[in-house]
Amino acid sequence: MTVFEGTFAPVSPPYRFAIVIARFNDLVTDKLVSACQDCLKRHGIDTEPDHDQVDYVWVPGSFEVPLVARKLALSGRYDAIICLGAVIRGQTPHFDFVASEAAKGIASIALQTGVPVIFGILTTDTMEQALERAGIKSNHGWHYALNALEMASLMRQMPSSFASGQIV
Ligand code: INI
């Protein structure tokens with residue numbers, strides 16, 4: 001029985017990541033990106049936008065995240081894609097539609113393309129709860145980056161004789 005497990009050590013060739021970020025509630029999403037970058041840097045990743053190891057794509061809201069994540073995944077350039085957003089309930093049913101489409105879209109892109117796509121969309125009842133998860137108490141952005149590193153490592157360890165992950 002073989003055990004496959006992701007590690008956090010630097011690899012060669014180095015990982016390439018894309019981060020898709022929703023502008024909606026950017027008070028929160030800006031903080032998620034900063035924590036993501038902090039985690040990646042501390043694991044030896046060059047997060048400077050022009051240095052080709054991490055690309056950043058801003059979209060209007062979480063609803064638009066899956067379309068862009070799909071395009072990035074299909075490019076074959078990235079070891080993992082990190083999707084960041086903040087969907088805050090407020091008083092309307094809009095929340096449920098946006099949150100569920102973002103979640104469904106992100107899950108299906110990973111399954112269709114075989115590229116790890118990290119679900120970094122906070123879903124909370126209030127702005128206060130979102131901010132608590134984006135730096136006031138802890139910052140989930142850091143953990144989303146860690147999840148991307150672990151999945152990138154895991155996917156490189158799986159033998160190429162395994163199925164590619166493409167659904168035909
Ligand atoms: N987008 C978010 O990322 N978070 C939200 O809380 C949100 N709310 O509540 O409306 C939101 N809406 C915008 C949506 O993502 C799309 O950008 C918009 O519907 C255009 O397609």
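Let me begin by describing the structure that accompanies this report. Just so it is clear, the structure is predicted and the values come from calculations on it, not from any experiment.

1. Quick look at the pattern of salt bridges
A side chain with one charge can pair with a side chain of the opposite charge if their charged atoms come near.
Then, number 1: Within the structure shown, the criterion is met by eight salt bridges.
Then, number 2: Asp38 is the partner of Arg42 in a salt bridge, and the nearest nitrogen-oxygen pair spans 2.7 Å. One end of the pair is Arg42 and the other is Asp38, both in helix 1 (residues 26-42) and four residues apart, which spans about a single turn.
Then, number 3: Of the residues examined, Asp38 reaches a relative accessible area of 28% and is grouped as partly exposed.
Then, number 4: The structure contains a network of salt bridges with shared partners spanning Arg89, Asp96 and Asp125.

2. Some words on the site of the ligand
Then, number 1: In the neighbourhood of the ligand, the contacting residues comprise Phe24, Asn25, Gly61, Ser62, Phe63, Glu64, Ala86, Val87, Ile88, His94 and Val98.
Then, number 2: At a separation of 3.3 Å, an oxygen atom of the ligand approaches a polar side-chain atom of Asn25.
Then, number 3: At a separation of 2.4 Å, an oxygen atom of the ligand approaches a polar side-chain atom of Glu64.
Then, number 4: Burial of the ligand by the surrounding chains reaches 76%, relative to a free accessible area of 460 Å².
Then, number 5: Going through the elements one at a time, strand 3 (80-88) and helix 3 (94-113) are the ones with two or more residues in the shell around the ligand.

3. Side note on the packing of aromatic side chains
Then, number 1: Scanning the entire structure with this criterion turns up one aromatic pair.
Then, number 2: Between Tyr15 and Phe17, the aromatic rings sit 5.7 Å apart at their centres with planes inclined by 45 degrees, giving tilted as the arrangement.
Then, number 3: Residue Tyr15 is classed as buried on the basis of its relative accessible area of 3%.

4. Structural notes on the state of the cysteines
Then, number 1: Evaluated as defined, the whole model comprises zero disulfides.
Then, number 2: Free cysteine: Cys36, not disulfide-bonded; nearest cysteine sulfur from Cys39 at 7.3 Å.
Then, number 3: Take Cys83: it sits in no disulfide, and the sulfur closest to it among the cysteines is that of Cys36, at 10 Å.

5. So, the pairing of strand 1 (residues 17-22)
Then, number 1: Counting buried positions along strand 1 yields six of six residues, so the element is predominantly enclosed.
Then, number 2: Covered by surrounding structure in strand 1 are Phe17, Ile19 and Ile21 together with Ala18, Val20 and Ala22, the residues of both alternating faces.
Then, number 3: Relative to strand 2 (residues 54-59), strand 1 runs parallel, the two sharing six bridges. Its bridge partner lying in strand 2, Ala22 is registered against Val59.
Then, number 4: Viewed along the sheet, the connection from strand 1 through helix 1 into strand 2 turns out right-handed.
Then, number 5: Pairing of strand 1 with strand 3 involves five bridges; the strand directions are parallel. Each residue of the ladder has a partner; that of Phe17, found in strand 3, is Ala80.

Thresholds, definitions, all that
Each residue is numbered by its place in its chain's sequence as written, counting from 1. Note on the predicted model: pLDDT of at least 70 is required for a residue's local features to be given, and 80 or more for side-chain atom pairs to be given and counted; whole-chain, interface and lining totals, by contrast, use all residues. Where side-chain values are given, they derive from all heavy atoms of the structure, hydrogens and water being excluded. Salt bridge criterion: a side-chain nitrogen from Lys or Arg within 4 Å of a carboxyl oxygen from Asp or Glu. Secondary structure elements follow DSSP: runs of H or I no shorter than four residues count as helices, runs of E no shorter than two count as strands, and numbering proceeds from the N terminus. For every residue, the accessible area (1.4 Å probe, protein chains only) is compared with the maximum for its type, and the residue is labelled buried under 20%, exposed over 50%, or partly exposed between those bounds. One heavy atom within 4 Å of a molecule or strand is enough for the residue carrying it to be called near that molecule or strand. Pairs of N or O atoms within 3.5 Å make up the polar contacts considered here, provided that, within protein, one atom can donate a hydrogen while the other can accept it, and that residues adjacent in sequence are counted only when both atoms are side-chain atoms. Only the protein chains shown count as cover for residues, and the accessible areas themselves come from Shrake-Rupley with a 1.4 Å probe. Aromatic contacts are taken between Phe, Tyr and Trp rings whose centres are within 6.5 Å, Trp giving its six-membered ring; a plane angle under 30 degrees counts as stacked, one over 60 as edge-to-face, and the others as tilted. Pairs of cysteine sulfur atoms within 2.5 Å are identified as disulfides in what follows. At least two DSSP bridges between two strands are needed for those strands to be called paired. Call a crossover right-handed when, viewed with both strands pointing away from you, the route from the first strand across the helix to the second goes clockwise.

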